Every structure is written in structure tokens, then in C-alpha cells.
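One letter stands for each residue in the lines below.
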Amino acid sequence: MDEQGALDPDVVETAEQIAAMDIRGAATIADAAAGALATQADRSDAERPAVFRAQLRAAAKTLYETRPTAVSLPNALRYVLRGMEGITVTELRASTVARAEEFQTELAQAQEQLGRVGANRLRDGDVVMTHCHSTDALSCIEAAVDAGTDIEAIVKETRPRKQGHITARQLREWDVPVTLIVDNAARRYLDEADHVLVGADSIAADGSVINKIGTSGLAVNARERGVPVMVAAQTIKLHPDTMTGHTVEIEMRDETEVLPVPERADVTGEQPNDEGFVVENPGFDVTPPRYVDAIVTERGQFPPESIVILMRELFGETTAEPWER
Ligand code: RI2
């Protein structure tokens with residue numbers, strides 16, 4: 001059968017939205033992917049179990065191929081597909097939908113729990129510097145604010161897509177005072193910060209943190225200034241493949257995010273298609289564990305060097321991708 005032809009339009013649309021970053025943020029992507037698999041299962045027209053399974057695998061593959069760096073995406077897909085159990089199509093459908101819902105519920109609960117752990121690190125009057133927009137990181141501030149702790153924030157704009165603006169807006173909704181700065185001003189303002197708080201798209205087995213481009217430079221500067229770096233990351237961000245030596249692929253995004261087409265001609269003058277002029281736009285970078293003070297998860301906080309213990313416990317050594325069969 002033509003597996004692609006059997007894809008539900010909602011799966012295709014969700015995949016397009018993830019690729020275009022209309023749906024973004026590692027946890028939000030995982031939630032949307034699980035929801036899309038549930039929709040595929042719910043609306044499948046398959047009459048035979050083998051066809052149903054093939055459709056679900058094709059849907060997972062389509063979602064998987066959207067963005068490469070946030071491991072929450074394959075972790076979510078793997079979790080849902082592993083729960084696809086039963087002999088009849090009716091049983092397979094019910095188990096897949098239930099498993100996706102279970103995943104989404106646990107994801108939300110993990111973020112709340114992580115927030116309570118992270119909030120314990122924040123004291124009354126603390127100033128937190130943020131980078132990009134992370135719902136896991138914001139959950140820590142939300143829990144602190146809910147507990148009556150006064151927090152202020154220095155929010156890095158985060159070029160090229162300026163997702164710091166989303167962070168600033170959310171913090172103001174919680175009445176947290178916000179100072180917005182351009183990325184280049186971060187080192188200057190570290191003198192006023194008590195914490196650097198960032199999220200993660202993936203955490204490697206050696207404790208390296210893969211997060212929005214600019215995180216590693218911020219962490220190095222924070223170490224030099226003596227400001228602790230706290231990474232808020234649910235265990236869905238732990239990258240099981242890194243236990244067996246794989247590295248995390250860093251997404252290279254379109255150059256127009258950095259330099260829109262009309263501005264390109266301003267730089268290259270008479271030669272708007274100048275092939276000797278290259279713009280690169282890596283979405284993420286790798287912060288080595290020595291610059292990270294704590295990884296905060298729903299299972300407690302960990303020094304980065306010991307995160308592999310939790311990784312083994314949660315994922316074992318099995319990293320096969322069920323949609324590749
Ligand atoms: P939460 C984002 O990536 C940022 O790098 C952010 O720190 C990370 O995902 C985690 O986000 P992008 O999708 O899961 O904006 O904490 O490229 O929301």
C-alpha cells in the first residue's frame with residue numbers, strides 16, 4: 001500500500017507546522033507529535049492490523065523528519081508507538097490513542113513537577129537571566145512566583161527569531177519585572193544576575209546541553225562571572241542515542257532568518273547573488289557540562305556529569321526507532 005497516501009491531513013499539517021516553527025519548543029513539539037499520532041490512529045481507515053501499523057509508522061516517520069535536534073520528538077513518537085498493542089484494528093486504535101493521551105498528561109505533569117524543583121533554587125529578590133523561550137525554564141519561575149517569591153528577569157532577545165519576546169510577554173503576564181536586552185549585552189548584565197536559566201532541546205549522556213544557539217557563549221560568560229547556570233529539562237529531553245556514541249545533529253536553518261532577501265543585496269552591493277558570501281544559521285549549540293551547575297528535571301536536580309545514570313534507568317540501552325522497520 002502507499003503508506004504516505006494514508007496519512008491523515010492533520011499529521012501532514014502538524015509536520016509542516018513543526019518544520020516552519022509555528023509549533024516550536026521541544027516539549028510543545030513532543031505534545032503535538034503525540035497528538036498527531038492519536039489523530040492518525042483515531043481516523044485511520046485501515047481494515048487490517050498490518051495496514052494500521054504501517055500507517056502509524058509512516059505518520060511517525062513524517063513527524064520525525066521535520067526537525068533533527070530536539071530529542072523530545074523521537075522520544076515522544078517512540079513512546080506512543082511502543083504502546084500500540086492489540087490484535088484487531090479496534091484494539092490497536094484504542095491502545096494508541098490511550099498511550100498518546102497518557103504521554104501528553106505525563107508531559108504536563110513532569111513540567112509542573114520540574115518547576116517545583118527548579119523553584120527551590122530561586123530565592124526572594126533573585127534576578128534570573130533567560131535565553132530564548134523555554135516552557136520548562138518558565139515553569140521554574142512560575143512555581144517560584146506562585147510560592148510568593150519575588151523574581152526579576154533579564155531576558156535575552158535571542159536572535160535570529162527573537163523568541164525572547166515570547167518569554168518577556170509570558171513573564172509580564174505573571175507580573176515579573178522584565179528587562180529586555182540584545183544578545184550582545186548579556187555579559188554586561190550578568191553582573192546583575194543571580195542565575196542563568198535556560199531550557200534544553202537535548203541532553204547528551206556526558207551532560208552536554210544542546211539548546212538554542214547562544215546558550216554556550218552565555219554559559220561560558222556566566223562561569224567567568226560566577227553566575228550559576230541552571231538547565232530546566234524534563235527527562236523527555238534526555239537523548240538515549242548518545243549513550244551509544246551518537247552525536248546530536250544541529251539543525252541548520254534557512255539563511256533568510258538571519259538576513260532577509262532585501263537586506264542581502266544591501267550587504268553584497270552590486271552582486272545580490274554573490275556566491276562568495278555565505279550566511280550560516282545554526283539553530284543550536286552545545287554547552288559542555290563543566291559550564292552547567294544543575295540540570296533540573298521532574299526527577300530532581302542532577303549535576304550534569306551524573307545525568308547518564310538517570311538516562312540508563314529511563315531508556316536502558318534500546319534506542320531503535322520503531323518507524324524504521
Ligand atoms: P521547552 C527551543 O527550541 C529552545 O531552544 C528552548 O530552550 C527549547 O526548545 C526547549 O523548550 P526551538 O523549538 O521544551 O524554539 O522547554 O528551536 O519549551
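Shown above is the structure to which this text applies.
Let us look at the structure shown here.

Reading the values: the criteria
- Residues numbered from 1 in each chain as written.
- Predicted model: local features only at pLDDT ≥ 70, side-chain atom pairs only at ≥ 80, totals over all residues.
- Heavy atoms only, no water.
- Buried < 20%, exposed > 50% of the residue type's maximum accessible area, 1.4 Å probe, protein only.
- Helix = DSSP H or I, 4+ residues; strand = E, 2+ residues; numbered from the N terminus.
- Pairing = 2+ DSSP bridges.
- Core = buried A, V, L, I, M, F, W, Y, C linked by side-chain atoms within 4.5 Å.
- Contact = heavy atoms within 4.5 Å.

**Considering helix α4 (residues 72-82)**
So, step 1. With nine of 11 residues buried, α4 lies mostly within the body of the structure.
So, step 2. If you check which residues of α4 are buried, you get Ser72, Leu73, Pro74, Asn75, Ala76, Leu77, Arg78, Val80 and Leu81.

**A short note on unusual backbone geometry**
So, step 1. For the bond running from Arg159 to Pro160, omega is 0 degrees, close enough to zero to count as cis.
So, step 2. With respect to the helices and strands, Pro160 occurs in the loop between β2 (151-156) and α7 (164-173).
So, step 3. Positive phi, close to 65 degrees, is recorded for Asp175, a residue that is not glycine.
So, step 4. The residue Asp175 is located in the loop between α7 and β3 (178-181) in this model.
So, step 5. Residue Asp175 is classed as exposed on the basis of its relative accessible area of 61%.

**A few points about the sheet that holds strand β5 (residues 202-203)**
So, step 1. Strand order in the open sheet formed by three strands is β5-β6-β8, and the pairing between neighbours is antiparallel. The sheet terminates laterally at β5 and β8 (284-287), the two strands that pair on one side only.

**Here's the deal with the nonpolar core**
So, step 1. The biggest cluster of nonpolar side chains holds 36 residues, and the ones touching the most others in it are Leu37, Phe52, Leu56, Leu63, Leu77, Leu81 and Phe103.
So, step 2. For this core, the secondary structure elements donating two or more residues are α1 (9-19), α2 (26-43), α3 (49-64), α4 and α5 (89-119).
So, step 3. When near neighbours in sequence (up to four residues on either side) are disregarded, Leu56 contacts Leu37, Gln40, Ala41, Leu81, Met84 and Thr96.
So, step 4. Among the nonpolar cores identified, the runner-up in size contains 32 residues, and Val127, Ala219, Val308 and Phe315 belong to it.

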